[in-house]
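Close look at the chain arrangement
Okay, here's what each chain looks like letter by letter:
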Amino acid sequence: MTTFFSLKISPPPVFDKIISDKEFKLQARCETVNHEISSSRRHLLAGFVGSLAFNGGFAPLVAWAEDEQQDESLVGAIKSLFDPNEKTKSGKVLPKAYLSSAREVVKTLRESLKEDPNDMAKFRRVADAAKEAIRDYLANWRGQQSVINEESYVVIEKAIRALASFYSKAGPSAPLPEQVKSEIISNLDTADQFL
């Protein structure tokens, strides 16, 4: 529907004192324009609100209020992109970089322990990825006060030490015994629960 606006036309204001013709024209025009603008704004606003009410324009506002919960989840997702911390499964808030690095160590080390050592090419590829993840983790997080007391940090360090201890005693190409594998996998499972 079309809404018609009525324009309020008023005569120029009357002045108590005598003003020169040039000043009068300038002053009268300014006051008339200001008066017309303010009245047309009022009419525009009244017409807009009237058309919203008449056409059911407030219904989208109600739907918009219901969609606020979806918007909050979107806002939360955007905020999480810029937030340097993340909530873990156990409910603690830890640095995202730490969680990413720790998860990578757990994933790659678990894959390398489950890989068949008889297929040397595939085993080396998976083991090299785990070695790189461990080096990155230790370079960035060893001794960091923000994570040193966390359960996941302690358990991952324990798994890395067990692996390093075995290879320092048996040599770099020795096959890993099942007892050491199960101990490391157990530690990785525990760390995964805290990440």
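Relevant structure appears above.
If you're wondering where the values come from, they're calculated on a predicted model, not measured in any experiment. (Residues numbered from 1 in each chain as written. Predicted model: local features only at pLDDT ≥ 70, side-chain atom pairs only at ≥ 80, totals over all residues. Heavy atoms only, no water.)

Here we take up the layout of surface pockets. In this structure, the largest pocket encloses a volume near 720 Å³. Lining the largest pocket are 24 residues, and of these Arg124, Ala127, Leu163, Tyr167 and Pro172 sit closest to its centre. Elements with a minimum of two residues in the lining of the largest pocket: helix H4 (96–114), helix H5 (120–141) and helix H6 (151–170). No other element matches the 9 residues that H5 contributes to the lining of the largest pocket. Partitioning the lining of the largest pocket into residue classes produces 17 nonpolar, 2 polar and 5 charged. (1 Å grid on protein atoms, 1.4 Å probe; cavity = no way out; pocket = protein on both sides within 12 Å on 5 of 7 lines; lining within 4 Å. Points joined across faces, edges and corners; volume = space filled by probe spheres on them. Helix = DSSP H or I, 4+ residues; strand = E, 2+ residues; numbered from the N terminus. Nonpolar A, V, L, I, M, F, W, Y, C, P; charged D, E, K, R; others polar.)

Attention now goes to the side chain of Asn187. You can see Asn187 is positioned in helix H7 (residues 178–194). The class of Asn187 is buried, set by a relative accessible area of 9%. (Buried < 20%, exposed > 50% of the residue type's maximum accessible area, 1.4 Å probe, protein only.)

A word on the packing of aromatic side chains. Aromatic rings considered in pairs are described by the distance between their centres and by the relative angle of their planes. For the coordinates displayed, the defined rule picks out 4 aromatic pairs. When the centroid spacing of 5.4 Å and the interplanar angle of 75° are considered together, the rings of Tyr98 and Trp141 count as edge-to-face. Taken together, the residues Tyr98 in helix H4 and Trp141 in helix H5 connect sequence positions 43 residues apart. Relative accessible area serves as the criterion here: at 10%, Trp141 is assigned to the buried category. Relative to Tyr167, the ring of Phe166 has its centre 5.2 Å away and its plane inclined at 65°; by these criteria the two rings are edge-to-face. Using a relative accessible area of 15% as the deciding quantity, one classes Phe166 as buried. An aromatic cluster of three or more residues is present, and its members are Tyr98, Tyr137, Trp141 and Tyr153. (Phe/Tyr/Trp six-rings, centres within 6.5 Å; stacked < 30°, edge-to-face > 60°.)

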